Amino acid sequence: MEVTLNIPNTNKPRLIIIGGGFGGVSIAKELVTKQDFQIVLLDRHNYHTFQPLLYQVSTSSLEPGAIAYPLRKIVKKGKDTFFRMAEVLQIHTDQKEVVTTKGTITYDYLVIATGARTNFFGNKTIEKNAMRMKSVPQALKLRSLMLENLEQAVITPDVELRKELLNFVIVGGGPTGVELAGGIAELKENVLPIDYPDMDFSEMEIHLIEGADRVLPPMSKVASKNAKKFLERLGVKIHFNTIVTNYENHIVSTNTDLELKAATFVWSAGVTGAPVNGIKGNALIEQANRYKVNEYNQIEGFTNVFAIGDIALMATKDYERGHPMVAQPAIQQGKHLAKNLLAIHNNKPLKPFTYFDKGSMATIGRNKAVVDINKLRFGGFFAWFVWMFIHLIFLVGFRNKVVTLFNWVYNYINFDKASRLIITPFKAKEDTNVV
């Protein structure tokens, strides 16, 4: 019997899913128990990452195990389902095969759910020197860097160097930037003065730089106003209408007269699709690095190759530039595509995808969050409670929900962060671009 990637041949149609993010996990969970397909899930990591809580790993609120879930535990529920940890190098659509670092495998149906990566808008210097936060390894590196800078700051007699070590610059006022700034500010206010009683934290500054005229530009103006108020109460310095042009030798340069020296510089100013080599034709929209798909998530020019989530650009009347590159479209498209694949298998008509916007939210530290749900706009403690509840619901795995809830309750009662550990020391010369 022929074996590829140690996947046996089968009489069932083979469905390959590339990517174990929200979209890939969503479609896999829907189909693994149906037994209509042989399913092969491919990912370079052996776990799913709950990316909305990565900032809490960086700021020592959670350990990685609380937001990561083994992909094998998802596929093991099926009888003809497999996971392979491999990086996809190329897709040969003519031969219906996927080339990976561990071998080549053929498919009948292919779903690309590779998500997004950090967008540096062509600035190679910033890409080389900035920290980013799209994966667990990156979040751990950022945590180590921040803690190492604090350890260095407490022993240095040089006032200017100490200020540089205590300067934190975050670029991008979207949810990631706002939540990270709030998380660091919470550390400064409640935790670090206890850990470092011999250090003056009035020297510590947190700067949030945004190119637009408000934070959280995709959300309502009410949410932006509340988020700005919450951040400023925490001592975060916000710089609007400012574009960072360079970061080198710890110097942050901008298009204005603002110049900062900071040892911790985090780039969260945008994302771009993470396409796979091999899709031919005009299917790839290069400006966004996303595949153009129809209302059934079929990539333009193909009937058996699909894209979902951040990598898919489905232009509609309400979303001319495609759906938001967040978790909900990926989850909903994954569930919907699972139904359409079953329809194809049973010779039934496909149903077009319709996105249901469940709202947007962001948290800004303890008891502070902003929520937009339909026409409802609210902030403060209740919004913070809603934010926690929603994120617990969508965490994958019962254990992860319990661990995360316990950590949140512990942190809330004790004003403490339990994960202030430098497990793997940060090395400035290492490549931080881990996807």
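Reading guide: rules and limits
Residues numbered from 1 in each chain as written. Predicted model: local features only at pLDDT ≥ 70, side-chain atom pairs only at ≥ 80, totals over all residues. Heavy atoms only, no water. Phe/Tyr/Trp six-rings, centres within 6.5 Å; stacked < 30°, edge-to-face > 60°. Helix = DSSP H or I, 4+ residues; strand = E, 2+ residues; numbered from the N terminus. Buried < 20%, exposed > 50% of the residue type's maximum accessible area, 1.4 Å probe, protein only. Salt bridge = Lys/Arg side-chain N within 4 Å of Asp/Glu carboxyl O. Pairing = 2+ DSSP bridges. Axes fitted to C-alpha atoms, helices over the stretch in contact; angles between N-to-C directions. Contact = heavy atoms within 4.5 Å.

J.: Explain the packing of aromatic side chains here, please?
T.: Pairs of aromatic rings are described using the distance from one ring centre to the other and the angle between the two planes. Tallied over the entire structure, the rule returns 11 aromatic pairs. A centroid spacing of 5.6 Å and a plane angle of 75 degrees characterise the contact between Phe-22 and Phe-50, whose relative ring orientation is edge-to-face. Of this pair, Phe-22 sits in helix 1 (residues 22-31) while Phe-50 sits in the loop between strand 5 (47-49) and helix 2 (54-58); the two residues are 28 residues apart in sequence, bridging distant segments of the chain. Owing to a relative accessible area of 3%, Phe-50 belongs among the buried residues under this scheme. On the numbers, 5.6 Å between centres and 70 degrees between planes, the contact of Tyr-319 with Tyr-355 is edge-to-face. Linking Tyr-319 in the loop between strand 24 (312-313) and helix 9 (327-345) with Tyr-355 in the loop between helix 9 and strand 25 (360-363), this pair joins segments that are 36 residues apart in sequence.

J.: What is the right way to look at the pattern of salt bridges in this model?
T.: Working definition: two side chains of opposite charge can pair if their charged atoms are close together. Evaluation of the coordinates by the stated rule reveals 11 salt bridges. Between Glu-87 and Arg-44 there is a salt bridge, with the nearest N and O atoms lying 3.6 Å from each other. A residue pair is termed long-range when its members are at least 10 positions apart, and Glu-87 in the loop between strand 7 (81-85) and strand 8 (88-92) and Arg-44 in the loop between strand 4 (38-43) and strand 5 qualify at 43 residues. Owing to a relative accessible area of 35%, Glu-87 belongs among the partly exposed residues under this scheme. The partly exposed category is assigned to Arg-44, whose relative accessible area is 40%. Taking the shortest distance from any N to any O, the salt bridge between Lys-228 and Glu-232 comes out at 3.0 Å. Pair noted here: Lys-228 and Glu-232 are both in helix 8 (residues 221-233), with a separation of four residues, about one helical turn. For Lys-228, a relative accessible area of 30% puts it in the partly exposed group.

J.: Quick question: what am I supposed to make of the sheet that holds strand 27 (residues 376-379) here?
T.: In a beta sheet, neighbouring strands are held together by backbone hydrogen bonds and run either parallel or antiparallel to one another. Judged by pairing direction, the sheet is antiparallel, and its three strands sit side by side in the order 25-26-27 without closing on themselves. Where the open sheet ends on each side, the last strands, each with one partner, are strand 25 and strand 27. Taken pair by pair, the neighbouring strands of this sheet meet at an average axis angle of 5 degrees, ignoring direction. Relative to strand 26 (residues 369-373), strand 25 is paired through four bridges, and the arrangement is antiparallel. By the bridge assignment for strand 26, Ala-362 is matched with Val-370. Against the sheet, helix 8 makes contact with strand 26 and strand 27, and its axis sits at roughly 175 degrees relative to strand 26, the strand it touches most.

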